[in-house]
Amino acid sequence: MSEESDLHALVVSFLGLSLISVGGGIAVLPEMSRLVVEEHGWMSQLHFAKLFALAQAAPGPNIMVVGLIGWHVAGAGGMFAAMAAMCGPTSLLAYGFTRLQRREFPWLKRVERGLVPVAVGLIAASGLLLAEGTVREAPLVLPVVAGSFLFVWRTARSPLWVLGAGALFGALLLRP
Amino acid sequence: MRLRELFLGYAKIGLLGFGGVAVIARHVIVEERRWLSERDYAEVLGLGQVLPGPNVGNAAIMIGRRFRGLTGALAATAGLYAAPLCILVLLAMFYDAFGQDPHVAPVMRGIAAAAAGMVIGMALKMGTKLKPPIELVLVGAAALVAGAFLRLPLPVIVLGLGPLGIWLSLRRARA
């Protein structure tokens, strides 16, 4: 595929994704992987999981994995195009809604309460799909997935600890 | 508030936000810089959550606009994304160059596994903190099954389960 049509596909994909991204960046990961891996064939499921891990290892909003996908597909231009498509229209929307006072709309809180479980379910689905991708390639990493899951669930410590432990585990035990 | 303050405050949030920026954003905005009260911030963030797009990114736009208008919104957004994007570019270049290296690949594999477990843990943490009523737990479980096992497209899940969740939540409020 030519670079221009890749850029075009990136923008269209992430534009569509951004408008249904209820619950933030991680909730849309399954759909993102469906688009990136299955529909456009830009990378394998495992590569997708690794890019996500890379984005997690860097500081910043979770949504930046989108920039990394853009980078992989079409370089620096792809990175900016993907980020702009993902964040641009929703930012305009947020800008327009700034003056909305939630106190005047008590039902908005109820709407939020009804939507958050969907987001949480989608985030859990993202985690399972990512885990499947990594465990399928190297079944040895299953304890890392389980340990990291328990650590993040049960403690309030920085997730950097589990990422570091995962790196160490990989360096020591996954060597070919 | 000065533009510089908005930019620097959000730059701090971006640079210190490992594994997501939600926790550090609340800390900087409410406790450290006292831009908003706990209640006001919860309100802004709640609105950011109902709107599509990244929650904290939406909140940055709204807080920036509230204090300094359009330039404020741009300054806060630039602060949030600029430094992390630069770091990410460096990481991406490193990964492109050494990702297949036999010493680096296993490390990346370990990090990817940890990141996957982290996402599952995060979801469970959010879910348990909310203490949702049973019918909303089921809606969440349905979203999980639809996303992970049935692999339904996201628009189908969001447009199907979103209104259901909202309806159940409104119904409970009335009851």
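Placed above this text is the structure.
Rules and cut-offs
- Residues numbered from 1 in each chain as written.
- Chains lettered and ligands numbered in written order.
- Predicted model: local features only at pLDDT ≥ 70, side-chain atom pairs only at ≥ 80, totals over all residues.
- Heavy atoms only, no water.
- Core = buried A, V, L, I, M, F, W, Y, C linked by side-chain atoms within 4.5 Å.
- Buried < 20%, exposed > 50% of the residue type's maximum accessible area, 1.4 Å probe, protein only.
- Helix = DSSP H or I, 4+ residues; strand = E, 2+ residues; numbered from the N terminus.
- Contact = heavy atoms within 4.5 Å.
- Buried area = accessible area lost by both parts, 1.4 Å probe.
- Salt bridge = Lys/Arg side-chain N within 4 Å of Asp/Glu carboxyl O.
- Polar contact = N/O pair within 3.5 Å; in protein donor to acceptor, adjacent residues only side chain to side chain.

Chemist: Explanation requested: the nonpolar core in the structure shown.
Modeler: Most often, soluble globular proteins have nonpolar side chains that are buried together. Grouped together as the largest cluster of nonpolar side chains are 115 residues, with contacts concentrated most on A:Phe14, A:Met32, A:Ile69 and B:Ile29. A per-element tally of this core places helix 4 (residues 55-98) of chain B first, with 15 residues. Excluding residues that lie within four positions of it along the chain, A:Ile69 makes contacts with A:Phe14, A:Met32, A:Val36, A:Met43, A:Phe48 and A:Leu51.

Chemist: I keep staring at the side chain of B:Asn58 and nothing clicks. Help me out?
Modeler: Counting through the fold element by element, B:Asn58 comes out in helix 4. Residues contacting B:Asn58, with those up to four places away along its chain left out, are A:Thr90, A:Ser91, A:Ala94, B:Gly48, B:Leu51, B:Pro52 and B:Gly53.

Chemist: Mind showing me how you'd approach the interface of chain A and chain B here?
Modeler: Note: interface size is frequently given as the accessible area lost on complex formation between the parts. Counting residues at the interface gives 98 residues for chain A, matched by 87 residues for chain B. Between chain A and chain B, a total of about 8400 Å² is buried, with carbon and sulfur atoms accounting for 75% of that surface. Scanning the region where chain A abuts chain B turns up 2 salt bridges. The salt bridge involving A:Glu137 is made with B:Arg109; its shortest N-O contact spans 2.9 Å. Our enumeration of links across chain A and chain B arrives at 15 residue pairs in polar contact (both at pLDDT 80 or more). Listing elements by their share of the side of chain A that touches chain B, those giving two or more residues are helix 1 (3-19), helix 2 (29-39), helix 3 (45-57), helix 4 (65-96), helix 5 (106-137), helix 6 (142-154) and helix 7 (160-173) of chain A. The dominant element in the side of chain A that touches chain B, judged by the number of residues it contributes, is helix 5 of chain A, at 25 residues.

Chemist: Which parts of the structure should I look at to understand the environment of A:Leu129?
Modeler: Within the secondary structure layout, A:Leu129 lies in helix 5. Exposure remark for A:Leu129: the relative accessible area of 9% places this residue in the buried category. Those residues in contact with A:Leu129 that lie beyond four places of it in its chain are A:Pro30, A:Gln45, B:Gly147, B:Ala148 and B:Arg151.

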